[in-house]
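Overview (structure and organization)
One letter stands for each residue in the lines below.
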Amino acid sequence: MSQSAKDHMGRPVVVVTGIGMVTSLGEGKDDNWKALIAGKSGISKITRFPTDNLRTQIAGTIPWKGDGMFFPAAHSISLARKSAIEAIEQAGIGSRGSFPGPMFVAVFPAETNWGQRMDVYNHKEGGDSKGYERLIRNVRAGNFSEYYSMYQFGSIAEHLADEFGPRGLPVSLTTACASGATSVQLGVEAIRRGDTDAALCIGTDAEICEEMVVRFTLLSALSTQNDDPQGASKPFSRTRDGFVMAEGSATLVLESYDSAKARGARILGVVRGTGERADTFHRTRSKPDGSAIIDTITRSMADAGMAPEEIDCINAHGTSTPENDKMEFLALSSALGSAVDGIPISSNKSMIGHTLSAAGTIEAAISLLTIEAGVIPPTINCNEQDPNILMDVVPNVKREHAVNSVMSNSFGFGGQNVCLIFSGEPE
Amino acid sequence: MPSVDNQGQAPFPVHPIVDFDISTQIPKRSDQRQMGPWQHLGTYAAGLALDDAGVAHDPDLLAKTNMIVAAGGGERDLEVDSAIMEALGQVEDPGAYLNATLMGELRPTLFLAQLSNLMAGNISIVHGVTDSSRTFMGEEMAGVSAIDTAVAQIQHNQGELFLVGGAYIAERADMMMLMEFGHTLWTGEQGSVWERENTDGGMIMGSAGAFLVLESKEHAQARGARPYARIDSIVGGRCNRQPGAAKKVAEGLLGQIADRIPEGPLPVLSGCCGVQPQLNEEHEFLNELSNRGISPAIRGVTTVMGNTLEAQFPVNVILASMAISRGAFFDPFDDSGVEQDFSGDPERVLISNWGHWRGESLALIDKPDTPLRGQE
């Protein structure tokens, strides 16, 4: 590649120079990778709160180590800090507290949790009033400034900005289960515009609490296979019955190829293309013909300037819901044509669970590690593959396989769909 | 006179949303039922913008319309919350009770009506906007980043046509609690935001839905659409809000765009919400424009609308664009003496938009070199 690297459309080539990750499988990308290729599951019985009367009692939680009651925003910040520090240190970019580019943080829109709501309610200042009147009286009389700074919708990104010092306004974003991929997309777009040489793309989600489990249960989205937590997330299996909620964070440091080369940074991979298309069909389901997600995939390949034959491996959205896995297969076969038969497809969610807002970033990180290692992590719990999903899902055991390009899919509730394509370092 | 409700969220006055007929923009009952008031308002306002731009019901244009929504979240079921709060201290097994009650009382559609990205999702479903779809969060600054990102994408051929905006419903006890965690709400009489200087300050929340269609000049010309105005520049920054820090950030931002502002009278729309010390700092910052030979004609938008959070910056861009296309700025919003008259045809409007908790931003909206809307 020449000194000033442009892609097939004349845009700056965007590369990855730092990766950080924390999931229910472990802290740091090395521990995660070892667990992933060993086919381990991070799912367990929920112990954070009582699960009596809940249909789903399992999740991929990461232990909350803060003082006092569980605080979702603080937990999300803590995980994001870990992944961001790992990624920034690997990239060796900027200085402590000063990242030389914008920050895009995929976060869950967390509302005041029951623990904090009851903390406010149980104060005495409000007298014998009830309901929100009592909450507001107590809030007026008390000091809840910590809740003020933690429960704004921008809180997580603002606290991360205090620590990492990105340029401009930090962007908090949500596109539901596609959020993490959207954060990467925004970074890619900023670098391609020439607005910046680097971008910090973070996904973080650590909000497993009673109400979140209930909300997803009421959408019939969660697995209820409580007796076998580690076997419950079974993407592409005939008996799959929903996803398993999980917590985690990943960070990618993106840079222009030129900037990374100029400062002698190690290039971990190239973001070749991104694609997106919003659906109009239903709030939780894709169009029956899959046209929006087909377009998403097709657009990512056009953006990358790649043909289906050049995709060596697919990091599936693969949630383990009956709907997603069927639609993902349908869309891939339509978008990639006969090439789909020869492409291994693997779902990390079989091991990590579904980290929701962080999933797209975590799976982007794993896609890059897959390229680096030449090993595809397995889709575990695949003892009886869905006979209607005619793909090589890398069942149960990792596969040695030269991988230069990986497609990573993310499809969200609300019809927001993103597809990313990564390749190894250019020669 | 501003519309004010002193009772509904007492002791906090709010600016309620006016009555509007959602069925004019959300005709299907089945769609209406999937949303709460917040998503109704945003989806409704988005439809108005698409209509006004001549994009609504045009499948080809809608398929290439990108969307960036600035969102908080939708309404909680406050009755369920209240019943649970009262019972939790009395039942034998609070954990089991909480789970059972949430499972039994929450409606499945409620979660979707609360989800932040579902305002965009509903706009796609109801109006057929289907290119990219992103939702930014972060209170006032979400609106700034949404429009800033759309402008940057248009300028660099990452899209020609965008729908951007947001909505906020002030009449919500759960949001009142969230804002009052910081003791930021004004409990006195509704009045000019500038009259809260030399007090402990405080903000009055306001409801608004505000969406804009942004388009490249070439794309607008090719389809015969006339602009209201041009977005010249948007700049944003942040600090930890130590006393004086926000003003310093704003001074730095001004430095980035100062060469685009000639000396003389300048119409200014301020989103100043009334929380201290930012209120005094923003007013000082605007007064000191005079050091550059600029005479600001300031309008405190929150005096008439309250702080509309995610919708606030879109509201200000809309007001600035309307002033430019109509060839006249707004009369003063109060008689505090802070707001100077501005007569004549504004060439440009400065927007000063700072968050109640975090973020400072400035924007310059000006006249394009093409014929404007309303000036046939």
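Residues numbered from 1 in each chain as written. Chains lettered and ligands numbered in written order. Predicted model: local features only at pLDDT ≥ 70, side-chain atom pairs only at ≥ 80, totals over all residues.

Remarks on the overall build of chain A
Looking only at helices and strands, one finds 14 helices and 15 strands in chain A. For the C-alpha atoms alone, the extent of chain A along its principal axes is close to 70 × 50 × 40 Å. Taking the contacts inside chain A whose residues are at least 6 apart along the sequence as the reference set, 79% of them involve residues at least 24 apart. (Helix = DSSP H or I, 4+ residues; strand = E, 2+ residues; numbered from the N terminus. Contact = placed C-beta atoms within 7 Å.)

Details of the overall build of chain B
When its secondary structure is counted, chain B shows 14 helices and 11 strands. In terms of overall dimensions, chain B has C-alpha extents of about 70 × 55 × 35 Å along its principal axes. Counting the 376 residues in chain B, one finds 56% classified as buried. Residue pairs at least 24 apart in sequence account for 80% of intrachain contacts in chain B once pairs closer than 6 positions are excluded. (Buried ≥ 20, exposed ≤ 12 C-beta atoms within 10 Å, placed from the backbone.)

Details of the interface of chain A and chain B
Across the contact, 58 residues belong to chain A and 62 residues belong to chain B. Elements supplying a minimum of two residues to the side of chain A that touches chain B: helix H3 (114-122), helix H4 (131-141), helix H5 (145-150), helix H6 (155-164), strand S6 (171-173), helix H7 (179-193) and helix H8 (210-218) of chain A. Ranked by residues supplied to the side of chain A that touches chain B, first place goes to H4 of chain A with 6 residues. Looking at the side of chain A that touches chain B, its residues break down into 26 nonpolar, 16 polar and 16 charged. The pairing of S6 of chain A with strand S3 (residues 133-137) of chain B spans 2 bridges and is classified as antiparallel. Directly across from serine 172 of chain A, in S3 of chain B, lies its bridge partner methionine 137 of chain B. (Nonpolar A, V, L, I, M, F, W, Y, C, P; charged D, E, K, R; others polar. Pairing = 2+ DSSP bridges.)

Focus: helix H4 (residues 78-88) of chain B
Buried within H4 of chain B are the following residues: Asp81, Ile84 and Met85 of chain B. When H4 of chain B is viewed along its axis, its buried side chains cluster within an angular range of 100° and face the same direction. Contacts from the buried residues of H4 of chain B go to H3 and H4 of chain A together with helix H5 (94-105) of chain B. (Arc of directions from axis to C-beta.)

Comments concerning unusual backbone geometry
Note: most residues except glycine have negative phi, and most peptide bonds are trans. Of note, the amide linkage connecting alanine 10 of chain B to proline 11 of chain B takes the cis form, showing an omega dihedral of 10°. The phi angle at leucine 356 of chain A is positive, at roughly 55°, despite the residue not being glycine. Summarising the element assignment, leucine 356 of chain A is placed in the loop between helix H13 (349-352) and helix H14 (359-373). Assessed through the 29 C-beta atoms surrounding it within 10 Å, leucine 356 of chain A is described here as buried. A positive phi angle, close to 65°, is found at asparagine 381 of chain A, a residue other than glycine. Mapped onto the fold, asparagine 381 of chain A is located in the loop between strand S12 (375-376) and strand S13 (399-400). Looking at asparagine 381 of chain A, the number of C-beta atoms within 10 Å reads 27, which means it is buried.

Details of the nonpolar core
Residues Met103, Val105, Leu160 and Leu254 of chain A are the most contacted members of the largest nonpolar core, which totals 263 residues. Ignoring sequence-local partners within four residues, the contact set of leucine 254 of chain A consists of Val14, Val16, Gly187, Val188, Ile191, Ala198, Ala199, Cys201 and Val271 of chain A. (Core = buried A, V, L, I, M, F, W, Y, C linked by C-beta atoms within 7 Å.)

A word on the packing of helix H11 (residues 245-257) of chain B against helix H12 (residues 278-287) of chain B
Residue and element names in this part refer to chain B. Close contact between H11 and H12 brings their axes to 8 Å; oriented N to C, the two are set at 30°. Classed by the angle they form, the pair H11 and H12 counts as roughly parallel. Where H11 crosses over H12, the two elements pack in a sense that is right-handed. Along its contact with H11, which presents Ala246, Lys247, Ala250 and Glu251, the element H12 presents Gln278, Glu281, Glu284 and Phe285. For the contact of H11 with H12, the per-class residue count stands at 3 nonpolar, 1 polar and 4 charged. (Axes fitted to C-alpha atoms, helices over the stretch in contact; angles between N-to-C directions. Parallel < 35°, antiparallel > 145°, perpendicular 65-115°, else oblique. Left-handed = near helix turned anticlockwise from the far one by under 90°.)

Quick notes on the domain arrangement of chain A
Annotation of chain A at the domain level lists domain 1 (14-111 + 151-415) and domain 2 (115-149). The distance between the C-alpha centroids of domain 1 of chain A and domain 2 of chain A comes to 37 Å. (Domains from an automatic or database assignment.)

Observations concerning the domain arrangement of chain B
Residue and element names in this part refer to chain B. Taken domain by domain, chain B comprises domain 1 (14-76 + 110-222), domain 2 (78-109) and domain 3 (230-366). Here the C-alpha centroids of domain 1 and domain 3 sit 21 Å apart. On the domain 3 side, the residues contacting the 42 residues of domain 1 number 38 residues. Taken together, the elements giving at least two residues each to the side of domain 1 that touches domain 3 come down to strand S1 (14-15), helix H8 (139-155), strand S4 (161-168), strand S5 (205-206) and strand S6 (208-215). With 9 residues, H8 is the largest single contributor of residues to the side of domain 1 that touches domain 3. Split into classes, the residues belonging to the side of domain 1 that touches domain 3 amount to 22 nonpolar, 13 polar and 7 charged.

What about the pairing of S6 of chain B?
Residue and element names in this part refer to chain B. Burial runs high along S6: 8 of the 8 residues are buried. Residues Ala208, Ala210, Leu212 and Leu214 of S6 are buried on one face, and the alternating residues Gly209, Phe211, Val213 and Glu215, pointing to the opposite face, are buried as well. Pairing between S4 and S6: 8 bridges, direction antiparallel. Looking at the pairing, leucine 161 lines up with glutamate 215 of S6.

Here's the deal with the environment of serine 98 of chain A
Structurally, serine 98 of chain A is set in the loop between helix H2 (72-91) and strand S5 (103-107). The exposure class of serine 98 of chain A is exposed, given the 11 C-beta atoms found within 10 Å.

Regarding the sheet that holds strand S7 (residues 230-237) of chain B
All names here are of chain B. Strand order in the open sheet formed by 5 strands is S7-S11-S10-S8-S9, with mixed pairing between adjacent strands. At either margin of the open sheet sits one strand with a lone partner, and together these are S7 and strand S9 (294-300). Within the sheet, the average angular offset between the axes of one strand and its neighbour, ignoring direction, is 20°. Across 3 bridges, the pairing between strand S8 (residues 264-270) and strand S10 (residues 348-354) is parallel.

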